[in-house]
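An overview of the molecular structure
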Number of protein chains: 2
Amino acid sequence: MKIRIGIVGYGNLGRGVEAAVSKSEDMELTALFTRRAPDSVKTKTGVPVYSVDDAVKMTDKIDVMILCGGSANDLPQQTPEMAKYFNVIDSFDTHAKIPEHFARVDAQSRKSGKVSIISVGWDPGMFSLNRLYGQAILPNGNDYTFWGKGVSQGHSDAVRRIDGVLDARQYTIPVESALESVRAGENPELTTRQKHLRECFVVAEDGADLARIENEIKTMPNYFADYDTTVHFISQEELDRDHKGIPHGGMVFRTGTTGFDGENKHVIEYRLKLDSNPEFTSSVLTAYARAAYRLNCEGACGCKTVFDIAPAYLHTASGEELRKNLL
Amino acid sequence: MKIRIGIVGYGNLGRGVEAAVSKSEDMELTALFTRRAPDSVKTKTGVPVYSVDDAVKMTDKIDVMILCGGSANDLPQQTPEMAKYFNVIDSFDTHAKIPEHFARVDAQSRKSGKVSIISVGWDPGMFSLNRLYGQAILPNGNDYTFWGKGVSQGHSDAVRRIDGVLDARQYTIPVESALESVRAGENPELTTRQKHLRECFVVAEDGADLARIENEIKTMPNYFADYDTTVHFISQEELDRDHKGIPHGGMVFRTGTTGFDGENKHVIEYRLKLDSNPEFTSSVLTAYARAAYRLNCEGACGCKTVFDIAPAYLHTASGEELRKNLL
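Read on for a plain summary of the structure. Since this is a predicted model, take the numbers as computed values, not measurements. (Residues numbered from 1 in each chain as written. Chains lettered and ligands numbered in written order. Predicted model: local features only at pLDDT ≥ 70, side-chain atom pairs only at ≥ 80, totals over all residues. Heavy atoms only, no water.)

The number of helices and strands found in chain A is 11 helices and 14 strands. Here the C-alpha atoms of chain A give a radius of gyration of 22 Å, agreeing with the 20 Å that 2.2 N^0.38 yields for 327 residues. Dimensions along the principal axes, computed over C-alpha positions, put chain A at roughly 65 × 60 × 35 Å. Here the analysis covers contacts within chain A between residues at least 6 apart in sequence; of these, 68% occur between residues at least 24 apart. In the structure as shown, chain A presents an accessible area of about 13600 Å², 46% of it carried by carbon and sulfur atoms. Across chain A, the centroid of the 38 positively charged side chains sits 5 Å from that of the 45 negatively charged ones. (Helix = DSSP H or I, 4+ residues; strand = E, 2+ residues; numbered from the N terminus. Rg over C-alpha atoms; globule rule 2.2 N^0.38 Å. Contact = heavy atoms within 4.5 Å. Areas by Shrake-Rupley, 256 points an atom, 1.4 Å probe, with all protein chains shown as cover. Lys, Arg positive; Asp, Glu negative; His and termini not counted. Charge placed at Lys NZ, Arg CZ, Asp CG, Glu CD.)

A word on the state of the cysteines. The full count for this structure, using the stated rule, is 0 disulfides over all chains. Between C301 of chain B, a cysteine without a disulfide, and C303 of chain B, which holds the nearest cysteine sulfur, the sulfur-to-sulfur distance is 11 Å. (Disulfide = S-S within 2.5 Å.)

All right, on to unusual backbone geometry then. All names here are of chain A. Of the consecutive residues D123 and P124, the connecting peptide bond is found in the cis state with omega at 5°. With respect to the helices and strands, P124 occurs in the loop between β6 (115–117) and α4 (126–137). With an omega dihedral of 0°, the bond running from G148 to K149 counts as a cis peptide bond. For K149, the position within the fold is in the loop between β7 (141–147) and β8 (150–151). The phi dihedral of S119 falls on the positive side, at around 60°, and the residue is not glycine. One can find S119 in the loop between β6 and α4.

This part covers the side chain of Q135 of chain A. Note on placement: Q135 of chain A falls in helix α4. The residues touching Q135 of chain A, leaving out its near neighbours within four places in the chain, are D143 and R254 of chain A together with H315 and L326 of chain B.

Another point: the nonpolar core. Core analysis: the biggest nonpolar cluster contains 149 residues, and M65, I89 and Y288 of chain A together with M65, I89 and Y288 of chain B have the highest contact counts within it. Residues in contact with I89 of chain A, not counting those within four places in the same chain, are V64, M65, I66, L67, I117, V120, L285, Y288, A289 and A292 of chain A. (Core = buried A, V, L, I, M, F, W, Y, C linked by side-chain atoms within 4.5 Å. Buried < 20%, exposed > 50% of the residue type's maximum accessible area, 1.4 Å probe, protein only.)

Turning next to the sheet that holds β7 of chain A. Strand order in the open sheet formed by 6 strands is β7(A)-β12(A)-β13(A)-β13(B)-β12(B)-β7(B), and the pairing between neighbours is antiparallel. Two strands in the sheet have a free side with no partner beyond their single neighbour: β7 of chain A together with β7 (141–147) of chain B. Across the sheet, the axes of successive neighbouring strands diverge by a mean angle of 10°, strand direction being ignored. With 11 bridges joining them, strand β12 (residues 248–258) of chain B and strand β13 (residues 264–274) of chain B adopt antiparallel strand pairing. Among the inter-strand pairings, H248 of chain B is bridged to a residue of β13 of chain B, identified as L274 of chain B. Most of the contacts of helix α4 (residues 126–137) of chain B go to β12 of chain B, to which it runs at about 5°, and overall it touches β13 (264–274) of chain A together with β7, β12 and β13 of chain B. Contacting β13 of chain A together with β7, β12 and β13 of chain B, helix α6 (residues 176–183) of chain B runs over the sheet at an angle of about 30° to β12 of chain B. (Pairing = 2+ DSSP bridges. Axes fitted to C-alpha atoms, helices over the stretch in contact; angles between N-to-C directions.)

What follows concerns the sheet that holds strand β8 (residues 150–151) of chain B. All names here are of chain B. Spatial strand order, β8-β9-β10-β11: 4 strands in an open sheet with mixed pairing. Looking at which strands have only one partner, the edges of the open sheet turn out to be β8 and β11 (228–233). Pairing of strand β9 (residues 165–174) with strand β10 (residues 196–204), which is carried by 9 bridges, proceeds in the antiparallel orientation. From the neighbouring strand, T172 faces β10, where its bridge partner is R198. Each of β8, β9 and β10 touches helix α5 (residues 153–160); the most contacted strand, β9, lies at about 145° to it.

All names here are of chain A. Scanning all chains against the criterion turns up 13 aromatic pairs over all chains. Between F146 and F253, the aromatic rings sit 6.0 Å apart at their centres with planes inclined by 85°, giving edge-to-face as the arrangement. Linking F146 in strand β7 with F253 in strand β12 (residues 248–258), this pair joins segments that are 107 residues apart in sequence. When its relative accessible area of 0% is taken as the criterion, F146 is described as buried. (Phe/Tyr/Trp six-rings, centres within 6.5 Å; stacked < 30°, edge-to-face > 60°.)

So, on to the pattern of salt bridges. Side chains that differ in charge, positive against negative, can pair when their charged atoms come close. Scanning the entire structure with this criterion turns up 34 salt bridges over all chains. Here D74 of chain A ties to R35 of chain A by a salt bridge, and the two come within 2.9 Å at their closest N and O atoms. Note that D74 of chain A is positioned in the loop between β4 (64–67) and α2 (75–83) and R35 of chain A in the loop between β2 (27–34) and β3 (49–51), a separation of 39 residues in sequence. Relative accessible area serves as the criterion here: at 60%, R35 of chain A is assigned to the exposed category. Ionic pairing is found between E216 of chain B and R212 of chain B, a salt bridge with its closest N-O pair at 2.9 Å. Residue E216 of chain B and its partner R212 of chain B are located together in helix α8 (residues 210–218), separated by 4 residues, close to a single helical turn. Residue classification places E216 of chain B among the partly exposed residues on the basis of a relative accessible area of 32%. Members of the salt-bridge network, linked through shared partners, are D157, R160 and D167 of chain A. (Salt bridge = Lys/Arg side-chain N within 4 Å of Asp/Glu carboxyl O.)

For the rest of this paragraph, the subject is α4 of chain A. Residues and elements named next belong to chain A. The first and last C-alpha atoms of α4 sit 16 Å apart over 12 residues, in line with the 16 Å expected at 1.5 Å per residue. Counting buried residues along α4, 12 of its 12 residues qualify, which places the element largely inside the surrounding structure. Along α4, the positions that sit buried rather than exposed are M126, F127, S128, L129, N130, R131, L132, Y133, G134, Q135, A136 and I137. (Expected span 1.5 Å × (residues − 1).)

Below, the structure written as structure tokens:
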């Protein structure tokens, strides 16, 4: 019997999960739930669409609900609500609010006897895992996380809000010399400016004051003021042609020493290069849905994160096959 | 109360564990066990040394026994034997014999109610984990494992056995063009020769036939015949001066696609650059000793591998701290 998956929300992430589930032999997509009028949503696979309010009627038809809404407005309500009825997975990524979100989801999952896994994806997610493994193996060392080259949605939005800007795309780019220093095991202390560059492609209104726009971008607190930022003004056609994708990625490093006198240096690097940020995140969500289902079948309940999931639960193969083929 | 560690065997790996435990706040080294005359072994930290036959008298003094012998002759006997009395960790790395070793250790650990974790290190170990995570996240893709640049003990030994060779050191080196192709997501099919180079530094006897030695190396079946091999003849002084270390490392890649038509490519790379192969392995063993102890405290027993251990068990911090600081 296949694991029956439900999706809540049909943006980039929801579509990514739809694709990932359709490629997973041990899963089937049962239903999509939306806050929009269900008739207005056409799914790629033709999976039936229901109002999110009707999910509660389908507790016997869905094994794991994958929540594909946003961390700002959707997940803080949706995940605890759905955890009352289902095993759930979300990609909650507001780092500062994770403990609070965890507590609320955990309370509901314990009541319902279901498993929830929150903050799944690549950061938080795979990057977090690599920070943990790195610290555990090399307790005497330093962590470094770099993001990019990739599109930051939040920064792109911030540029778009500037007066006279019609459209924009912002790339976060790791500074090459900083990467080289970390890879060489030099354990550099790096400021915000020394770690990442920001590059903006901006479509301005006809006759807009480009110098003012560029200045407003470069001096914007929190978003750009602490970085070396490059601004390129281009046409809408160019933006649509050359900057349509949503690539991302980055690296997590753990550098540290071993030996009685710390005489031996080691560098651990985990690196992602992603053509599609949301589709990769969706693929991680889908793998953890498998884990949530299996854990719940074993009697587990409550809220978990990637830290709490033994890797074998993510893979379709048996323990015996994994030991034989992958160990 | 600290986790009380015992070490069996005092070669490079045992010394590495001694160093790693001495740097771990939550652990203390209780005893070292050897098959040599205990009086003949001087430990770096002054920890007491006993005959391995006396280990059975210390079941109330040691929480986890870390087995630091070799996979060929020591671990097949030692791990199941010690599993009768202790939680144990080993680095058994004869890939083809892992299922058999697992079964034997599992039987003893279930009888004793203890936890054993076998094949811990970096390959098998961290590399295996990354193969598993990669396949689980990107089911539609390819695996690549590269080793080096690093010293292969087995290949160095093979060269030393050649008539007229006094000493030798062999480096395994990944082929740069192969790495580039994999990193670019080209999914190349690579032969043995296309993946790794082998470089040998050889000290020959005075008057030895160097051409014959070079030819014997380059045509040696299994070890060198399938590779492009370079041979350098150097003096013992040069070997001791320039090739004393035991560095190693390598990369595990998972490259794959997502999307309904496989239209988006992704590259996951996990990379190690290690000054000391045995000390890094020892550090991984030590982190998994923490996990074995905690799992056994929770009532778990039986044989496990890195695939079965939830990452949080490896780190000294609480779940709450991990979620707050590393997620």
